[in-house]
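As a plain string of letters, each chain reads:
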Amino acid sequence: MPLAAEPDDAHEDGENQQLLITTKGGPGLEGLVVGSYCHDVLIRGGRVVGETLGGAAAFVSNVLDAASPQDTALNGTAPFVVVAKVGHDFVYASAPAPARHPPLVCASPTTSFHAQFSETAASAHAPDRELRRVRACDPIYPADLPDRRFAYGLAVGVAGEVVPETLERMIRLCRAVLVDAQALIRAFDGDGAVGHVALDDTPYARLLPRVAFVKASSEEAPYVGVETARRWCCVIVTEGRDGCRLYWDGGEARVAPFPAVQVDPTGAGDSFLAGFATGLLWGLSATDAALLGNFFGAAAVSQVGVPTFHPKMLQAVKEILEEKTTKRHSPCINGTSFTLEKSNMHNELHAALQEAAMLMTEQQQADPANCNGGDICSP
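A short tour of the structure in this document, coming up. (Residues numbered from 1 in each chain as written. Predicted model: local features only at pLDDT ≥ 70, side-chain atom pairs only at ≥ 80, totals over all residues. Heavy atoms only, no water.)

Across its full length, the protein chain carries 10 helices and 21 strands. Counting only residues that meet the buried cut, the protein chain has 58% of its 379 residues in that class. In the protein chain, once contacts between residues fewer than 6 apart in sequence are set aside, the share between residues at least 24 apart is 69%. For the protein chain, the computed accessible surface area is about 15,200 Å², with 49% contributed by carbon and sulfur atoms. (Helix = DSSP H or I, 4+ residues; strand = E, 2+ residues; numbered from the N terminus. Buried < 20%, exposed > 50% of the residue type's maximum accessible area, 1.4 Å probe, protein only. Contact = heavy atoms within 4.5 Å. Areas by Shrake-Rupley, 256 points an atom, 1.4 Å probe, with all protein chains shown as cover.)

A separate point is helix 9 (residues 311-324). Here helix 9 contains 14 residues, and its C-alpha end-to-end distance of 20 Å stays within 8% of the 20 Å for a straight helix at 1.5 Å per residue. Every buried residue belonging to helix 9 is among M313, L314, A316, V317, K318, I320, L321 and K324, and all of these are buried. (Expected span 1.5 Å × (residues − 1).)

Every α-helix winds through 3.6 residues per turn, so residues three or four apart in the chain are directed the same way. Here helix 7 (residues 268-281) contains 14 residues, and its C-alpha end-to-end distance of 20 Å stays within 8% of the 20 Å for a straight helix at 1.5 Å per residue. For helix 7, the buried fraction is high: 13 of the 14 residues fall into the buried class. The positive-phi residue at the C-terminal boundary of helix 7 is G283, with phi of around 100 degrees.

Let us look at the sheet that holds strand 20 (residues 251-255). Taken in spatial order, the 8 strands make up an open sheet running 8-3-13-14-17-18-19-20, and their pairing is mixed. Only two strands of the sheet have a single neighbouring strand rather than two, namely strand 8 (80-83) and strand 20. The average angle at which neighbouring strand axes cross in this sheet is 15 degrees, direction not considered. Relative to strand 14 (residues 174-180), strand 13 (residues 150-155) runs parallel, the two being bridged by 5 bridges. When the sheet's bridge partners are listed, G153 is paired in strand 14 with V177. Helix 2 (residues 56-67) rests against strand 3 (31-34), strand 8 and strand 13 of the sheet, and its axis sits at about 170 degrees to strand 8. (Pairing = 2+ DSSP bridges. Axes fitted to C-alpha atoms, helices over the stretch in contact; angles between N-to-C directions.)

On to the pairing of strand 17 (residues 213-217). Taking burial as the measure, the 5 residues of strand 17 include 5 buried ones, the bulk of the element. Burial along strand 17 is two-sided: F213, K215 and S217 and V214 and A216, pointing in opposite directions, are all buried. In the sheet, strand 14 pairs with strand 17 via 3 bridges, with the strands oriented parallel. Bridging from a neighbouring strand, D180 pairs with K215 of strand 17.

With that settled, the discussion passes to the packing of helix 7 against helix 8 (residues 286-301). Packing of helix 7 against helix 8 leaves a shortest axis separation of 7 Å and a crossing angle of 145 degrees. Of the two elements, helix 7 crosses helix 8, and the hand of that crossing is right-handed. Between helix 7, through A268, S271, F272, G275, F276, T278, G279 and L280, and helix 8, the contact on the second element is made entirely by A286, A289, A290, L292, G293, N294, F296, G297, A300 and V301. Taken together, the residues that form the contact of helix 7 with helix 8 break down as 11 nonpolar, 7 polar and no charged. (Left-handed = near helix turned anticlockwise from the far one by under 90°. Nonpolar A, V, L, I, M, F, W, Y, C, P; charged D, E, K, R; others polar.)

The next thing to look at is the environment of W282. Within the secondary structure, W282 sits in the loop between helix 7 and helix 8. You can call W282 buried: its relative accessible area is 6%. Between the C-alpha atoms of W282 and K324, which are 42 residues apart in sequence, the distance is 9.4 Å.

Taken as a whole and judged by the stated rule, the model has 11 salt bridges. The residue K324 makes a salt bridge to E323 at a minimum N-O spacing of 3.9 Å. Since its relative accessible area comes to 13%, K324 is described here as buried. When salt bridges with common partners are traced through the structure, they connect E168, R206 and R210 into a single cluster. (Salt bridge = Lys/Arg side-chain N within 4 Å of Asp/Glu carboxyl O.)

Tracing the chain through its elements places D189 in the loop between strand 15 (186-188) and strand 16 (194-196). Along the sequence, D189 and R132 sit 57 residues apart, while their C-alpha atoms lie 9.2 Å from each other. Polar contacts involving the side chain of D189 include one to the main-chain amide nitrogen of D191, which spans 2.9 Å. (Polar contact = N/O pair within 3.5 Å; in protein donor to acceptor, adjacent residues only side chain to side chain.)

This is how it looks when you write it as structure tokens:
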């Protein structure tokens, strides 16, 4: 079934070929990530217990930087551009672990979220939390996007910054667009508390048939309307410790999870979507790529803030992907259709990644201090 974004008339075959960049595992692709960086403040019992770099763009770029296929021409991973906005108050421009991709700086303050955790939680960063937006930076407008073509785009707003016109511009610029549902359905009351509205009641609904994938949490899924949305695109519903499910017109699949000790749930969905996109870049089918999504989602919750991945774990993951995708010379993210079903190596891939996940657990046990990640500022 056709799932990729519908390109402009200018998307002729000759121009599409310019999107391909030689990589170790086959053609590489330039991506576009749109969503702002944030200041995240973690609170328990009225006391600030952590301040971290946040925003979906930070978590997404972290995974893409770490696990994308190698680009032999640039001697690095497949390239992508991040379009994020911050204010002059942004504290992670030159912090010990800064945002790796420079943002656009504007006059308004940096978007900030307060995550209030329950006093009775098992840990200071347990998952039962109330999220509140206390500051909002300027939206990302169509004119803020680079004026050139991209193979894929990730729309990952968290505070309403990806306006409908910007998403439509992404669809015109990118061969395939992947969207996090929180960019479409989040709403904020007068105090900034995060809520949701039905996707059908938003200006984004008309764009759904031109989107390739929509990722939603199990909490967000009812607002997306999975049964309706699956007729137009592939919908991925993340279910935390139960893994995820994929729904498309005429089929669905369940994808098993990976073990993780949850410390902070922030960024789990962002890391999942980036892991999923990375799997497509490596040439995996959508259901197989969701394994990589689950893997990096689990890695994200094991640390506070943007996670630091153990080099041995990353090396193991890349070796697994190189071995499993040797005969797959074309990334599944490039084109107007996708392979959605499990491949015959799906269970084998899960077992191999399960072993790599054990390195993550060993890292936590050997150095619990690393569970705080690398992007915390002392309150």
